[in-house]
Amino acid sequence: MSEHQVLRDECLQALLDYVRQAQGTCELLGNIEGSCVSVDRLLAILAHTQAEDEILKSYMVLRQRLFDVLIGAELHDGGSSRATSNPTIAK
């Protein structure tokens, strides 16, 4: 498997992990009833959102690495293959 493929798979997995964590955060926030929330509940929500932020950072790092690999490959190939095959990118 190429570096590009490995990074793509890792990036997709990180995105799925982030979506799963974000859904959990939304569920925690959506399950709050009334305006009075216990300290334990608030701490649980805080911990969950902090974990969500870390997972998002991991996804963004992997996405940037994947982008860097693609740009590096494009520069290595001279940039001619994609520039002519997808004119919308040049805009």
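These numbers come from a predicted model, not from an experiment. (Residues numbered from 1 in each chain as written. Predicted model: local features only at pLDDT ≥ 70, side-chain atom pairs only at ≥ 80, totals over all residues. Heavy atoms only, no water.)

1. A few points about the overall build of the protein
Assigned secondary structure in the protein consists of three helices and zero strands. Walking the protein from its N terminus toward its C terminus, one meets helices and strands in the order α-α-α. Sorting the 91 residues of the protein into buried and exposed places 15% on the buried side. The contacts in the protein between residues at least 6 apart in sequence include a share of 67% that link residues at least 24 apart. As displayed, the protein offers around 6,800 Å² of accessible surface, 60% of which is attributable to carbon and sulfur atoms. (Helix = DSSP H or I, 4+ residues; strand = E, 2+ residues; numbered from the N terminus. Buried < 20%, exposed > 50% of the residue type's maximum accessible area, 1.4 Å probe, protein only. Contact = heavy atoms within 4.5 Å. Areas by Shrake-Rupley, 256 points an atom, 1.4 Å probe, with all protein chains shown as cover.)

2. Observations regarding helix α2 (residues 39–76)
Taking 1.5 Å per residue, 38 residues should reach 56 Å; α2 reaches 55 Å between its end C-alpha atoms and fits that length. Among all positions of α2, only Ile45, Glu52, Tyr59, Leu62, Leu66 and Glu74 are buried. One or two positions beyond α2, positive phi appears at Gly78, with a value near 90°. (Expected span 1.5 Å × (residues − 1).)

3. Section: the pattern of salt bridges
Across all of its chains, the model carries three salt bridges by this definition. Here Arg8 makes a salt bridge to Asp9, at a shortest N to O gap of 3.1 Å. The partly exposed category is assigned to Arg8, whose relative accessible area is 36%. For Asp9, a relative accessible area of 34% gives the class partly exposed. (Salt bridge = Lys/Arg side-chain N within 4 Å of Asp/Glu carboxyl O.)

4. Remarks on the packing of helix α1 (residues 3–30) against α2
Helix-helix packing is described using two parameters, namely the angle between the two axes and the distance between the axes. Two numbers describe how α1 lies on α2: the axes approach to 8 Å, and their chain directions differ by 160°. For the element pair α1 / α2, the angle class is roughly antiparallel. Where α1 crosses over α2, the two elements pack in a sense that is left-handed. Its residues assigned to classes, the contact of α1 with α2 comprises 18 nonpolar, six polar and eight charged. (Axes fitted to C-alpha atoms, helices over the stretch in contact; angles between N-to-C directions. Parallel < 35°, antiparallel > 145°, perpendicular 65-115°, else oblique. Left-handed = near helix turned anticlockwise from the far one by under 90°. Nonpolar A, V, L, I, M, F, W, Y, C, P; charged D, E, K, R; others polar.)

5. A few points about the side chain of Glu52
With respect to the helices and strands, the residue Glu52 is situated in helix α2. Despite its burial, Glu52 pairs with no opposite charge, the nearest such side chain being Lys57 at 12 Å. With residues near it in sequence (within four places) discarded, Glu52 still touches Tyr18, Gln21, Ala22 and Thr25. (Lys, Arg positive; Asp, Glu negative; His and termini not counted.)

6. Overview of the confidence of the model for the protein
In this model, the protein carries an average pLDDT of 85, and 86% of its residues clear a pLDDT of 70 or more. Of all helices and strands in the protein, the one with the weakest mean pLDDT is helix α3 (residues 80–85) (48), whereas α1 scores best (94). Scored below 50 in pLDDT, residues 81–91 shows four contacts in the model against residues more than four places distant or in partner chains. (pLDDT = per-residue confidence, 0-100.)

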